[in-house]
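# Chains, contacts and geometry: an overview
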Amino acid sequence: MTTYVVGDIQGCLLPLQQLLDKVAFDPAEDQLWSVGDIVNRGPQSLEVMRFCLRLGNAFRMVLGNHDLHLLAVARGIRPPHRADTLDDILAAPDREELLHWLQTQPLLLDTGGHLLVHAGIPPQWSREQAVALAEEMRLVLSDTAMADDFFQVMYGNAPDCWSDSLAPPLRWRLITNYFTRMRFCSAAGRLELASKAPPDQPPAGYAPWYSHPDRLTRTSNIIFGHWAALQGKPCGPRLFPLDTGCVWGGPLRLLNLDSGDYHHQLPD
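Residues numbered from 1 in each chain as written. Predicted model: local features only at pLDDT ≥ 70, side-chain atom pairs only at ≥ 80, totals over all residues. Heavy atoms only, no water.

### Some words on the sheet that holds strand β10 (residues 239–241)
The four strands lie next to each other as β4-β5-β9-β10, forming an open sheet whose pairing is mixed. Two strands in the sheet have a free side with no partner beyond their single neighbour: β4 (108–110) and β10. Strand-to-strand twist across the sheet, computed as the mean angle between neighbouring axes with direction ignored, equals 15°. Sheet contacts for helix α6 (residues 127–142): β4 and β5 (115–117); angle to β4, the most-contacted strand, approximately 125°. (Pairing = 2+ DSSP bridges. Helix = DSSP H or I, 4+ residues; strand = E, 2+ residues; numbered from the N terminus. Axes fitted to C-alpha atoms, helices over the stretch in contact; angles between N-to-C directions. Contact = heavy atoms within 4.5 Å.)

### Some thoughts on helix α1 (residues 13–22)
Listed as buried for α1 are L13, P15, L16, L19 and L20. End-on view of α1: buried residues confined to an arc of 165°, all on one side of the axis. As for α1, its buried residues are in contact with β1 (3–6), β2 (31–34), α2 (45–54), β11 (252–256) and β12 (262–265). Count one or two residues on from α1 and you reach A24, which has phi positive near 55°. (Buried < 20%, exposed > 50% of the residue type's maximum accessible area, 1.4 Å probe, protein only. Arc of directions from axis to C-beta.)

### Observations regarding unusual backbone geometry
A cis geometry characterises the amide bond from A158 onward to P159, with omega recorded as 0°. Residue placement: P159 occurs in the loop between α7 (144–153) and α8 (170–181). One non-glycine residue, A24, lies in the positive phi region at around 55°. Mapped onto the elements, A24 comes out in the loop between α1 and β2. Despite not being glycine, D37 has its phi angle at roughly 55°, a positive value. Inspection of the secondary structure assignment puts D37 in the loop between β2 and α2. Look at D37 and you get buried, because its relative accessible area is 2%.

### Things to note about the nonpolar core
Residues L32 and F179 are the most contacted members of the largest nonpolar core, which totals 74 residues. In terms of residue count, the dominant contributor to this core is α6 (six residues). With near-sequence residues (within four places) excluded, F179 lies in contact with L107, L108, V117, H118, A119, G120, I121, W125, A130, L133 and A134. Core analysis: the next-biggest nonpolar cluster, separate from the first, contains ten residues, V62, L109, L255 and L257 among them. (Core = buried A, V, L, I, M, F, W, Y, C linked by side-chain atoms within 4.5 Å.)

### Topic: the layout of surface pockets
Considered as a void within the structure, the largest pocket measures approximately 820 Å³ in volume. Where the lining of the largest pocket is concerned, the elements lending two or more residues are α3 (65–74) and α8. Here the residues of the lining of the largest pocket are counted per class, giving ten nonpolar, eleven polar and nine charged. (1 Å grid on protein atoms, 1.4 Å probe; cavity = no way out; pocket = protein on both sides within 12 Å on 5 of 7 lines; lining within 4 Å. Points joined across faces, edges and corners; volume = space filled by probe spheres on them. Nonpolar A, V, L, I, M, F, W, Y, C, P; charged D, E, K, R; others polar.)

### A look at the packing of aromatic side chains
Tallying each qualifying case throughout the model produces eleven aromatic pairs. By the ring-pair criterion, three or more aromatic residues cluster together here, those being F184, W209, Y210, F224 and W227. Looking at R60, its charged tip hangs above the ring of W33, at a distance of 5.5 Å from the centre. Against the face of Y155 rests R78, its NZ or CZ located 3.7 Å from the ring centre. (Phe/Tyr/Trp six-rings, centres within 6.5 Å; stacked < 30°, edge-to-face > 60°. Lys NZ or Arg CZ within 6 Å of the ring centre and 35° of its normal.)

### A word on α3
Of all ten residues that make up α3, eight are buried, and the element is covered over most of its length. Taken together, the buried positions of α3 are H66, D67, L68, H69, L70, L71, A72 and V73. Lining the buried residues of α3 we find α2, β3 (59–61), α4 (87–90), α5 (95–103), α7 and α8. Positioned one or two residues after α3, G76 has a phi angle of 80°, which is positive.

### Some remarks on the state of the cysteines
Under the defined criterion, the tally for this structure stands at zero disulfides. Residue C185 stays outside any disulfide, its sulfur separated by 8.8 Å from that of C161, the closest cysteine. Among the cysteines around C246, which has no disulfide bond, C12 carries the closest sulfur, lying 3.9 Å off. (Disulfide = S-S within 2.5 Å.)

### Quick notes on the environment of T2
Here T2 lies in the segment before β1. C-alpha separation for the pair T2 and S259, spaced 257 residues apart in sequence, amounts to 9.0 Å. The contacts of T2, once residues within four sequence positions are left out, are E29, D30, Q31, N256 and D258.

Below you can see the structure in the form of structure tokens.
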């Protein structure tokens, strides 16, 4: 059995299928994991969801910000953005099955050897705390009333720094922002969510989340996506960036978790 981890698919089904063919992926034997953002901006978001769902136990994923955005749009909490490509999902006869399946996915996977997350883990959280907070959010999303409360307040940049005393639902917003939207933060974990700068041009007082020398998860292997501007370039030991900007014309990246090899496929 081989485990593969794929970067941000974002509705780009053909490059995904070509990559899996390239490595002779067999869902009866192998595992495919995703760092999230399986939908939106690409041309085949509905088909990607159906493909991943059909893989059954051979597929695992964490939620990304675009996946959560789909769930909020489907609830009528936020209208679709003009650049969204979610209409096919929202009009699909199997939409409720797909949305329910998506909402059951976690924000973090702890595989023992690796942590899988969409955006990152803030420097002030230990591995144990990150796992616990991700589990808290899994329970929120699995409860209809709490999930409704969460999606009502999901959008927003405040609060921007963690405190154990934060109360729901804003506590849930910040946990989610760390796991699914973070790029830059301060050494104390204060988020900077406005900047679209590349990682080597951080706003004053901030740095890429993974670069803080006292980050409590620096001895953990972390696989993440979200930051296409990284272009998948090495960014430190035990870090595996997988978003290589497929939806923007870059390749889709696949990591063989057993060998450490990367495979790439450009969109046609």
